[in-house]
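So you can see what is in the structure, the chains are spelled out below.
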Amino acid sequence: MSPALIALLPFLGALLPGLLIRSGRTVAATACGTTTFVALLGLLLHIPAIMRGEVITARFEWLPLIQLNANFRIDGLALLFGILILGIGLLIITYARFYLSRQDSIGKFYTYLMLFQGAMIGIVLSDNILLLLIFWELTSLSSFLLIGYWRHLPAGRQGARMALAVTGMGGLAMIAGMLILGQIAGSYDISDILNAREAIQSSPHYTTALILILIGAFTKSAQFPFHFWLPHAMAAPTPVSAYLHSATMVKAGLFLMARLWPVLSGTPEWFWIVATTGLVTMLLGALIATFKDDLKALLAFSTVSHLGLITMLLGFGTHEAAIAAVFHIINHATFKAALFMTAGIIDHGTHTRSIARLGGLRKLMPVTFLIGTVAALSMAGIPPLNGFLSKEMMLYEVDHLDMARQGFMVVATIAALFSVCYSLRFIVHVFLGPQRDDYPHHPHDPGFGLWAGPALLVVLVILIGLFPNTMAGWLVDASASAVTGQVTESDIYLWHGVNNALIMSILAIAGGAVLLSMHRPVLALWDRTPRPDAKTIFDWLVLRVVFMGRALTDALTNGSMPRALAAFTLASLFAGGIAWYTGSAGPVTRPMLPIEPIAFIGWLMAIAATGCMVFFHRIRVLALVLVGIVGLVVSIFFAYFSAPDLALTQISVEVVTVILLLLALNFLPKRTLTETSSLHRGWDAFIATLAGLGFGGLTYAVLRRDFAFPTISDYHLANSYKLGGGDNVVNVILVDFRGYDTFGEITVLGIAALAIFALTQTLLQGRSSKRLLNWVHDHRRAGDRHPLMLVIATRVILPISLVVGIYIFLRGHNLPGGGFIAGLVVAVALLMQYMASGYAWAQDRQGLPYHALIGAGVVAAGVTGIGAWFNGKPFLTSAYGYFKLPFLEEFELATAMGFDLGVFLCVVGAVMLALNSLSRIARKAGVTVNTRPMDIDLSDEDQPKEAN
Amino acid sequence: MEILVASAIGAITAAGVYLILRLRTFAVVLGMTMLTYAINAFLFTSGRLVVDLPPILLSHDVDSNHVYTDPLPQALVLTAIVISFGMTAVVVMMALGAFIEGGDDHINMPDEDRLMPPLKTIDDAKQIEDETA
């Protein structure tokens, strides 16, 4: 099976629980299990090839420009971790099915779990460090979801947040480190990086890259001083702890160190940072674990300690130490996952994980006792179990160190001693001792489903211990070869004869047993010793970071819009100024056009209206009139400078905009009060003047120069008729050359109209609806709201303007016009009816739903575009032809007309829907609904009969 | 002629910027409308000023010597005008909604209306932290 498919399978599997959970929990679990099993099988099928020393790869180009490629590889190391992730994943899926209660939504759990599994598999199979980083972040995110799975528990949420913060921060550091590494190696492919050892280690950036990558690895693998998040993550359901925090996620850091071992290790920096961190972590974790009361906390700190052990071995940088590290990864995964599941079973059976409340479970839970004892003995390093083998190898490597040998020997032995102590404690304080009668819940052994997984692991613990070379030797060889890059043939023995390692081991076991016998007084001493609490420090830090972040946000955005806009304007001016003075605009090449009187009059009007606008904007109706004047001058400006389409569009938009603003003004205050000091206004005027000078200056500079680059407009002019079949080049560009843009734009226009409709819907409900119902109009109404003259005039105009609209639409392809303008003209024609006779009267007389118009418009444009597919052309390619109908001249039909029809419908729908929304507000506010076309009643029969 | 166009665009921009710096919604809407004019006109002028040569083809002959103004900025500005209308409509409705809902048409958001009101001391932050925990 392709490595890429193996990495993809869990992600596909993540979709299944959501689809299948209605069929039951078992079905969902089976689906996830089957997916995992298939992936595992696919992986195992590669074993023969990997044993021959081959590397299986799959390469896909993703973003080749930044060298981010979906390259996957399976070598011995990937195989080892893949088996751990998928194999233990399979057990966890089974275990979780029986562990989670009916109240827990198990589908969600399985989805998170499969996502996490996919991310982990992605990490170990990646052959590109950028791809690896993506999966790395995915594990942080998915583990956040898993740790916080019981979201009703504050501890779960806090633990999840802490884990995300710490591992996420480490991930950021690692991204930087990986980028440096890739830059040095000249490639982001792991295969290439592994060949660039010389270049990397001699680079001046080696130490920086090393430290950054190690921060990522240490945070993920809970190494000192980042170890504190792991115990808090124990708030997760036990299957999560067993999976993430023993077998997989915390091993991702180790995996990374092992993966990059050939290029990073072997330097003094590597030794001192990695080996020392590992040693300190090993000691500290074992020490704390000895005194923890919570079973899972004990296991969590023990995990920290064992991860430290493996880190230390990797830090030694020797071939043999790497073998020991790999072997211990296997062994730790087997016994620790079994122990976590045992802890879960005990929690399940007794409803407590507090060691102080347990003891004497031996008879009550015999199966659990057996499983837990074997696993714990292996953790203690008692022969002939597998934990003994790798611990011996570790002590042996410590004994053969070149640097700081004695120091490491002493500390490692002490750590081993504590490790024995807490392992035995797990057996003695939980299972042995007198049976009690105050368990929170009567203990009993669980069903087969719960203990099957740990039992299988414990069998492995024994078998690997007895037959290490048969059971695990091949896997150790394959992965150690991949880690070190040298062919490895390990030979693991139970009995090495009497050597320093054995003596250290015996010292540790004896010391651990003695320490356990004195546990009570030592615990009392421990409790009295002051220690820094990592969580308090972390919370203190987070609080300050949050406060600073909020303070910065508050300082930047204080809710004042003018301030933000002024800052934006000044920043734009500043950036524009820099661009102007650092760039070169080229020489002035275009002569000035002569000023003609009509243009000068237009200019005078614009300047006068703009000036009045500034001075009289407080009188809002007047300001609207002035806006209208400026808009008109702009339309004339377009018409004057050879843009008839723009002129038509601008003038019709102008009408619609002013009507809309007028309707809104109906509700808003009619005057703006002076609220600012003259100094304030002076400052605003200063900014405005700067902006005006800048923008005007820029316009002038553009106008006096020719194009800096050859324009593509010549192509449009040359091909408008040939390719698009139209003479109006602007229209052909809209519906053909740049039809995609237009399609997007009518969609946006439709969305804007729907947003207005939605806003209105909210206004018509809740608090604002009550305000509207009690609305007091602040100005007197005209007595004649629907004047006779206006009604008659608009009725006469309506058919004419509709015909004009259709005419403009039809001729648009060859003469100024088109869907946009026609839509606006028709909308204005309809609007006039509404203005003349009131909304309700007009609405009753037309049956077009505006939402549907918008939808139909977008669909018509889209369908026209898709039509091109049937001709084997890309989306929105137009075709045209000439047709002859009887009695009519020959005329042209282009598919672009269908598209333009879409534009037309969308524009009409959007404009009318916006108006519709305003009028609904008006009616809610108590504007009387008229049922007659005009205020003056012309009919005879409805006249009230006068009494004679 | 260029100087007239440039100065008018500059003046309209200045008025628009002045108006968007006001404290009431209606003035800001007006200011945005003014800015729309200025920007659309500016984009249009990137095709340079050409009189009486609209981009309507007079001949289908490729070798004809007819000269036209630049059609591309026109096409882009045409949709920009329509979109500006959509934007103005949405903004007006938001202003109206805010006025009906809130009772005044101030553009600034008072501190107490903010989803996350400003924190005075670190104890405020702690309190929020404790509440969410």
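Everything numeric in this text was worked out from a predicted model, so none of it was measured.

So, how was this worked out
- Residue positions are counted from 1 within each chain, in the order its sequence is given.
- Ligands are numbered from 1 and chains lettered from A, in the order in which they are written.
- Local features in this predicted model are restricted to residues whose pLDDT is 70 or higher, and side-chain atom pairs enter the listing and the counts only when it is 80 or higher, whereas totals over whole chains, interfaces and linings include all residues.
- Excluding hydrogens and water, the side-chain figures rest on all heavy atoms present in the structure.
- Secondary structure elements are defined from DSSP: runs of H or I of at least 4 residues count as helices, runs of E of at least 2 residues count as strands, and each element is numbered from the N terminus.
- The globule rule used for comparison is 2.2 Å times the number of residues to the exponent 0.38, while the radius of gyration itself is calculated over C-alpha atoms.
- Per-residue accessibility, obtained with a 1.4 Å probe over protein chains only, is compared with the maximum for each type, and a residue is labelled buried under 20%, exposed over 50%, and partly exposed between these values.
- Note on contacts: a residue pair is in contact if any heavy atoms of the two residues lie within 4.5 Å.
- In short, Shrake-Rupley with a 1.4 Å probe defines the accessible areas, and a residue's cover is counted only from the protein chains shown.
- We score Asp and Glu as negative and Lys and Arg as positive, and we do not count His or the chain ends.
- Just so you know, the charge point we use is NZ for Lys, CZ for Arg, CG for Asp and CD for Glu.
- By buried area we mean how much accessible surface two parts lose on assembly, using a 1.4 Å probe and totalling the loss over both.
- For this analysis, a salt bridge means a side-chain nitrogen from Lys or Arg found within 4 Å of a carboxyl oxygen belonging to Asp or Glu.
- Each Phe, Tyr or Trp ring, with Trp reduced to its six-membered ring, pairs with another whose centre is within 6.5 Å; inter-plane angles below 30 degrees give stacked pairs, above 60 give edge-to-face pairs, and intermediate values give tilted ones.
- Axes, fitted as lines to C-alpha atoms, cover a helix only where it is in contact. Angles between the N-to-C directions of the axes lie from 0 to 180 degrees.
- In this scheme the crossing of two helices becomes right-handed for a clockwise turn of the near helix relative to the far one and left-handed for an anticlockwise turn of less than a right angle.
- Three classes are used: nonpolar for Ala, Val, Leu, Ile, Met, Phe, Trp, Tyr, Cys and Pro, charged for Asp, Glu, Lys and Arg, and polar for all others, with Gly counted as polar.
- Domain segmentation is taken from an automatic or database assignment of domains.
- We define a polar contact as two N or O atoms separated by no more than 3.5 Å, with the added condition that, inside protein, one atom must be a possible hydrogen donor and the other a possible acceptor, whereas residues neighbouring each other in sequence contribute only through side-chain atom pairs.
- Being paired, for any two strands, means DSSP has found at least two bridges between them.
- Expected span of a helix, by definition, is 1.5 Å for each gap between consecutive residues, and there is one gap fewer than residues.
- Each residue is assigned a bend, namely the angle between axes fitted to the seven residues that terminate at it and the seven residues that start at it.
- Nonpolar side chains (Val, Leu, Ile, Met, Phe, Trp, Tyr) are joined into patches within 5 Å and like charges within 9 Å, using only residues with over 30% relative accessible area and no salt bridge.
- Convention used here: angles under 35 degrees read as roughly parallel, angles over 145 as roughly antiparallel, angles from 65 to 115 as roughly perpendicular, and any remaining angle as oblique.
- Only buried residues count toward a nonpolar core, which is a set of Ala, Val, Leu, Ile, Met, Phe, Trp, Tyr and Cys residues joined through side-chain atoms within 4.5 Å.

Draft legend 1. Summary view of the overall build of chain B. If you tally the helices and strands in chain B, you get 4 helices and 0 strands. Ordered by position in the sequence, the α and β elements of chain B form the string α-α-α-α. The globule rule puts the C-alpha radius of gyration for 133 residues at 14 Å, and the 24 Å found for chain B is more than 25% above it. Considered along the principal axes of its C-alpha atoms, chain B spans approximately 80 × 35 × 30 Å. Of all 133 residues assigned to chain B, the portion counted as buried reaches 59%. Pairs at least 24 apart in sequence give 50% of the contacts found in chain B among residues at least 6 apart. Roughly 5,300 Å² of accessible area belongs to chain B as shown, and the carbon and sulfur atoms make up 62% of that amount. Of the charged side chains in chain B, 6 are positive and 16 negative, and the gap between their average positions amounts to 9 Å.

Draft legend 2. Region of interest: the overall build of chain A. Helix and strand counts for chain A stand at 39 helices and 4 strands. For a compact globule of 948 residues, the expected C-alpha radius of gyration is about 30 Å, and chain A comes in at 39 Å, more than 25% above that figure. Of all 948 residues assigned to chain A, the portion counted as buried reaches 54%. Counted over contacts in chain A with a minimum sequence separation of 6, partners at least 24 positions apart contribute 79%. Summed over its atoms, the accessible surface of chain A is roughly 40,600 Å², and 70% of this surface lies on carbon and sulfur atoms. The average position of the 59 basic charges and that of the 52 acidic charges among the side chains of chain A differ by 10 Å.

Draft legend 3. Up close: the interface of chain A and chain B. With 120 residues of chain A at the contact, the number on the chain B side is 101 residues. Approximately 10,300 Å² of surface area, both sides summed, lies buried where chain A meets chain B, with 76% of it carried by carbon and sulfur atoms. Counting across the chain A and chain B interface gives 4 salt bridges. With 15 residues, the single largest contributor to the side of chain A that touches chain B is helix α30 (residues 678-703) of chain A.

Draft legend 4. Examining unusual backbone geometry more closely. All names here are of chain A. Cis rather than trans, the peptide bond between Phe 224 and Pro 225 has omega equal to 5°. Mapped onto the secondary structure, Pro 225 falls in the loop between α10 (206-220) and α11 (229-232). Pro 383 connects to Pro 384 through a cis peptide bond whose omega is 5°. A positive phi angle, near 55°, is found at Ala 222, a position not held by glycine. At His 351, a position not held by glycine, the phi torsion is positive, near 65°.

Draft legend 5. Inspection of the packing of aromatic side chains at higher detail. Residue and element names in this part refer to chain A. Within this structure, the stated rule accounts for 25 aromatic pairs over all chains. Seen in terms of ring centroids, Trp 683 and Phe 686 are 5.8 Å apart; in terms of plane orientation they differ by 25°. Their pairing is stacked. One end of the pair, Trp 683, and the other, Phe 686, are both in helix α30, 3 residues apart, so they sit about a helical turn from each other. Accessibility expressed as a relative area gives 44% for Trp 683, which makes it partly exposed. Of the residues examined, Phe 686 reaches a relative accessible area of 45% and is grouped as partly exposed.

Draft legend 6. Broad picture of the packing of helix α26 (residues 561-582) of chain A against α30(A). Residue and element names in this part refer to chain A. Viewed as axis vectors pointing N to C, α26 and α30 meet at an angle of 35°, and their least axial separation amounts to 10 Å. The crossing of α26 and α30 is left-handed. Contacts between α26 and α30 involve Ala 566, Thr 569, Leu 570, Leu 573 and Trp 580 from the first element and Trp 683, Ile 687, Leu 690, Ala 691 and Ala 701 from the second. Taken together, the residues of the contact of α26 with α30 break down into 9 nonpolar, 1 polar and no charged.

Draft legend 7. Here's a closer look at the domain arrangement of chain A. Residue and element names in this part refer to chain A. With domains assigned, chain A is organised as domain 1 (265-517), domain 2 (594-672) and domain 3 (727-936). A separation of 22 Å is found between the C-alpha centroids of domain 2 and domain 3. On the side of domain 3, 22 residues touch domain 2, which itself brings 17 residues to the contact. At the junction of domain 2 with domain 3, the criterion picks out 0 salt bridges. Summed over the shared surface of domain 2 and domain 3, the result is 2 residue pairs in polar contact (both at pLDDT 80 or more). Taken together, the residues of the side of domain 2 that touches domain 3 break down into 12 nonpolar, 3 polar and 2 charged.

Draft legend 8. Seen up close, the pairing of strand β2 (residues 68-74) of chain A. All names here are of chain A. The buried fraction of β2 amounts to 7 of the 7 residues, a majority that puts the element mostly inside the structure. Burial along β2 is two-sided: Leu 68, Ala 70, Phe 72 and Ile 74 and Asn 69, Asn 71 and Arg 73, pointing in opposite directions, are all buried. With 7 bridges joining them, strand β1 (residues 56-63) and β2 adopt antiparallel strand pairing. In the strand pairing of β2, Ile 56 is matched with Ile 74. Hairpin remark: β1 followed by β2, antiparallel, with 4 residues in the connecting loop; positive phi at Gln 67, about 60°.

Draft legend 9. Structural detail: the side chain of A:Ser143. Residue and element names in this part refer to chain A. Structurally, the position occupied by Ser 143 is in helix α6 (residues 129-147). Given a relative accessible area of 2%, Ser 143 falls into the buried group. Within the structure, Ser 143 has its side chain in polar contact with the backbone oxygen of Ser 140 (distance 3.0 Å). The residues contacting Ser 143, other than those within four sequence positions of it, are Phe 116, Leu 244 and Met 249.

Draft legend 10. Fine view of helix α1 (residues 3-20) of chain A. All names here are of chain A. With 18 residues, α1 extends 27 Å from end C-alpha to end C-alpha; this agrees with the ideal 26 Å at 1.5 Å per step. The largest bend in α1 comes to about 30°, at Leu 9, with the proline Pro 10 one to four residues further on. The set of residues buried in α1 consists of Pro 3, Ala 4, Ile 6, Ala 7, Leu 9, Pro 10, Gly 13, Ala 14 and Pro 17. The inward-facing, buried residues of α1 abut α2 (25-44), β1, β2, α4 (76-99) and α5 (106-125).

Draft legend 11. View of helix α32 (residues 729-737) of chain A. Most of α32(A) sits inside the fold, with 8 of its 9 residues counted as buried. Inspection of α32(A) places A:Val729, A:Val730, A:Asn731, A:Val732, A:Ile733, A:Leu734, A:Val735 and A:Asp736 among the buried residues, and these make up the whole buried set.

Draft legend 12. Broad picture of a nonpolar patch on the surface. All names here are of chain A. Taken together, the side chains of Val 459, Ile 462, Leu 463, Leu 466, Phe 467, Leu 494, Trp 495, Val 498, Ile 503 and Leu 507 make up a nonpolar region of the molecular surface, amounting to roughly 930 Å² of accessible area. Of all elements in the fold, only α21 (448-466) and α23 (500-517) reach the threshold of two or more residues within the nonpolar patch. Ranked by residues supplied to the nonpolar patch, first place goes to α21 with 4 residues. Considering the arrangement of structural elements, one finds Val 459 in helix α21.

Draft legend 13. Expanded view of the packing of helix α28 (residues 620-640) of chain A against helix α29 (residues 644-665) of chain A. Residues and elements named next belong to chain A. Where α28 contacts α29, the axes come no closer than 8 Å and their chain directions differ by 170°. In terms of orientation, α28 lies roughly antiparallel with respect to α29. Between α28 and α29, the residues in contact are Arg 620, Val 621, Leu 624, Val 627, Gly 628, Gly 631, Leu 632, Val 634, Ser 635, Phe 638 and Ala 639 and Leu 646, Ala 647, Gln 650, Ile 651, Glu 654, Val 658, Leu 661, Leu 662 and Leu 665, respectively. Partitioned by chemical class, the residues of the contact of α28 with α29 number 14 nonpolar, 4 polar and 2 charged.

Draft legend 14. Broad picture of the pattern of salt bridges. Residue and element names in this part refer to chain A. Throughout the structure, instances matching the rule amount to 17 salt bridges over all chains. One salt bridge in this structure joins Arg 73 and Asp 75, with 3.1 Å as the shortest N-O distance. By the burial criterion, Arg 73 is buried, and Asp 75 matches it. Here the residues in one salt-bridge network are Arg 59, Arg 73, Asp 75, Asp 127, Asp 189 and Arg 259, joined through shared partners.

Draft legend 15. Expanded view of the nonpolar core. A:Tyr110, A:Met178, A:Trp229 and A:Phe316 are the most contacted members of the largest nonpolar core, which has 202 residues in total. Examining the composition of this core, we find that 19 residues originate from one element, helix α17 (residues 319-350) of chain A, more than from any other. Counting residues in each nonpolar core, the second largest holds 117 residues, with A:Leu624, A:Val903, B:Leu19 and B:Tyr37 among its members.

Draft legend 16. Examining the environment of A:Ile746 more closely. Residues and elements named next belong to chain A. Relative to the assigned elements, Ile 746 resides in helix α33 (residues 739-763). The class of Ile 746 is buried, set by a relative accessible area of 0%. Each C-alpha atom, one on Ile 746 and one on Cys 906, is 6.4 Å from the other, the two residues being 160 residues apart in sequence. Filtering out sequence-adjacent residues up to four positions away, Ile 746 remains in contact with Phe 820, Gly 857, Val 858, Ala 861, Gly 902, Val 903 and Cys 906.

Draft legend 17. Representation of the environment of A:His716. Assignment of secondary structure puts A:His716 in helix α31 (residues 713-724). Sequence spacing of A:His716 and A:Ile733 is 17 residues, and the spatial spacing of their C-alpha atoms is 7.3 Å. In this view, A:His716 contacts A:Val729, A:Ile733, A:Phe737 and B:Leu72; residues no more than four positions away in its chain are not counted.

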